[in-house]
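Fold and geometry: a report
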Amino acid sequence: MTDDAMTGPAPKPGILDIAPYVGGKSAIAGVAEPMKLSSNENALGAGEKARAAYEAAIRNIHIYPDGRASKLRAAVAEHHGLEEDRLIFGNGSDEVFALLNQAYLTPGDNIVTGQYGFLAYRISALGCQAQVKLAPEPGYKAEVDALLEQVDDRTRIVYVSSPSNPTGSYNTAEEIRRLHDALPSTVLLVIDEAYAEFVAEPDWETSFPLARDAANIVVTRTFSKIHGLGGLRIGFGYAPLAVAEAVDRIRLPFNVSVAGLDAATAALSDEAHQKASRELVQTWRPRLTQAIRGFGFEVLPSVGNFVLVLFPDEKRPASAANEYLNSKGIIVRPVGGYSIHNGLRITVGTEDQNRAVIDALSEFAAT
Ligand SMILES: *Cc1c(COP(=O)(O)O)cnc(C)c1O
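Just so you know, these numbers come straight off a predicted model, no measurement behind them.

**With respect to unusual backbone geometry**
A cis amide bond links Ser 162 to the next residue, Pro 163, at an omega of 0°. Take Pro 163: it is sitting in the loop between strand E5 (155–161) and helix H7 (173–182). A cis geometry characterises the amide bond from Asn 165 onward to Pro 166, with omega recorded as 15°. Considering the arrangement of structural elements, one finds Pro 166 in the loop between E5 and H7. A positive phi angle is found at Asn 40, which is not glycine, with a value near 55°.

This is how it looks when you write it as structure tokens:
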């Protein structure tokens, strides 16, 4: 055989330039049950109602799911006061981003997001052979003017997450309105509200009402965080009808599973679990922040279920803190993938987990 005959098919240009996504790690060698605080999962797990629905779904796992997600669609529309026809369901909100990218980006188009914008937006955009234009976030927060400066005639989608991961910052309702007002109506504005339920700040507002009357806004939510169903992969977007209809043409027919649909529908009605999850975060987020600041590390103000800790001291870098936490059985998230090499993102955990983090960082500060 010649060398030529051995050459396999080449992926589309650019595919192999995409850095593979590295998820939060979930194991430490030699530790049976590590504390996993690396992926912003719900420290309380899923609620009783969702678990019961998941278990009951065993009866139906030989049946294809309802491709229109009718029950969940009705429940979400009712819960948030939204029009059913304008909802897009995905295998996690990650799939909603991918579908939007696939439906709107041609090679050479671009998306705009903040410097620390969520990686999921970018990966599938690159897969569409689009460019990713990043607006500087000097204050670890997306800035309206900096985003607008990146917008050009090939920009098709602007992505903002509010609250934002990994920084924990948010954009006020006023800022979101100003961004939308300044964008051409042909550019889609995607507002990712994955952490909406954890916010307490009065100048943050959901963008559902803004989206209702706009031709170019998509607001996304997820069942992975407040509802504790990250493993089942369910998210949704609230979109203009024309966008929802476009996406529906390329969506795989059965993209959300039977068990996922049933568990998510049940989770939505479990107000007690949502309340407990929110209260746990709102109680411990400030305690973690203050305690860790007290050890001399920088903690960015966060409105999500996590904090981003910066280790500016070269003698005690983030990498050493990460190793120290690992040695105590605690897994957190290095954020080098966002080029924040001196940072660690730590999910707010249960009381015991948070105390373990505080103790470990206190000891680390004294090393
Ligand atoms: C966790 C997270 C999501 C949710 O993703 P799913 O695919 O729904 O699990 C979306 N956006 C951001 C910024 C997140 O951190």
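**Overview of the sheet that holds strand E9 (residues 298–299)**
Taken in spatial order, the four strands of this open sheet run E9-E10-E13-E12, and their pairing is antiparallel. Among the strands making up the open sheet, the edge pair consists of E9 and strand E12 (333–335). Note: E9 against strand E10 (residues 306–310), two bridges, orientation antiparallel. Within E10, the residue paired with Val 299 across the bridge is Val 309. With respect to the sheet, helix H12 (residues 318–327) is in contact with E12 and strand E13 (340–347), its orientation differing from that of E13 by roughly 30°.

**Details of the sheet that holds E5**
In space, the seven strands of this open sheet follow the order E2-E8-E7-E6-E5-E3-E4, with mixed pairing throughout. Of all the strands in the sheet, the pair left with one neighbour each is strand E2 (87–90) and strand E4 (131–135). Taken pair by pair, the neighbouring strands of this sheet meet at an average axis angle of 20°, ignoring direction. As defined by bridge partners, E2 adjoins strand E8 (residues 235–238) across four bridges and the pair is classed as antiparallel. Pairing of Phe 89 across the sheet is with Phe 236, part of E8. Running at roughly 125° to E2, helix H3 (residues 70–80) makes contact with E2, strand E7 (217–222) and E8 of the sheet. Across the sheet, H7 touches E5, strand E6 (188–192) and E7, and the angle it forms with E6 is around 160°.

**A short note on the site of the ligand**
Neighbouring the ligand are the residues Gly 92, Ser 93, Asp 94, Phe 118, Asn 165, Asp 192, Ala 194, Tyr 195, Thr 222, Ser 224, Lys 225 and Arg 233. With respect to the ligand, the side chain of Asn 165 contributes an N or O atom lying 2.7 Å from an oxygen atom. Side-chain polar atom of Lys 225 to an oxygen atom of the ligand: 3.3 Å apart, as the coordinates give it. Burial of the ligand by the protein chains amounts to 94% of its free accessible area of 390 Å². When its residues are assigned to classes, the shell around the ligand shows three nonpolar, five polar and four charged.

Thresholds applied
Numbers given to residues run from 1 along each chain, matching the order in which its sequence is written. In view of the model being predicted, local features appear only for residues whose pLDDT reaches at least 70, and side-chain atom pairs are presented and counted only at 80 or more, with totals across whole chains, interfaces and linings using the full set of residues. Processing note: side-chain calculations cover all non-hydrogen atoms of the structure and skip hydrogens and water entirely. Numbered from the N terminus, helices here are DSSP runs of H or I no shorter than four residues, and strands are runs of E no shorter than two. For two strands to be treated as a pair, DSSP must find no fewer than two bridges joining them. Any two residues whose heavy atoms approach within 4.5 Å are treated as being in contact. Orientation is described by axes fitted as lines to C-alpha atoms, over the contacting stretch for helices, and by angles from 0 to 180 degrees between their N-to-C directions. Neighbouring residues are identified by heavy atoms, a residue being near a molecule or strand if any of them is within 4 Å of it. A 3.5 Å cut-off defines polar contacts: any pair of N or O atoms within that distance qualifies, except that in protein one atom must be a possible hydrogen donor and the other a possible acceptor, and neighbouring residues in sequence count only when both atoms are side-chain atoms. Note that accessible areas follow from Shrake-Rupley with a 1.4 Å probe, and for residues the cover is restricted to the protein chains shown. Charged residues are taken to be Asp, Glu, Lys and Arg, nonpolar residues to be Ala, Val, Leu, Ile, Met, Phe, Trp, Tyr, Cys and Pro, and polar residues to be all remaining types, Gly included.

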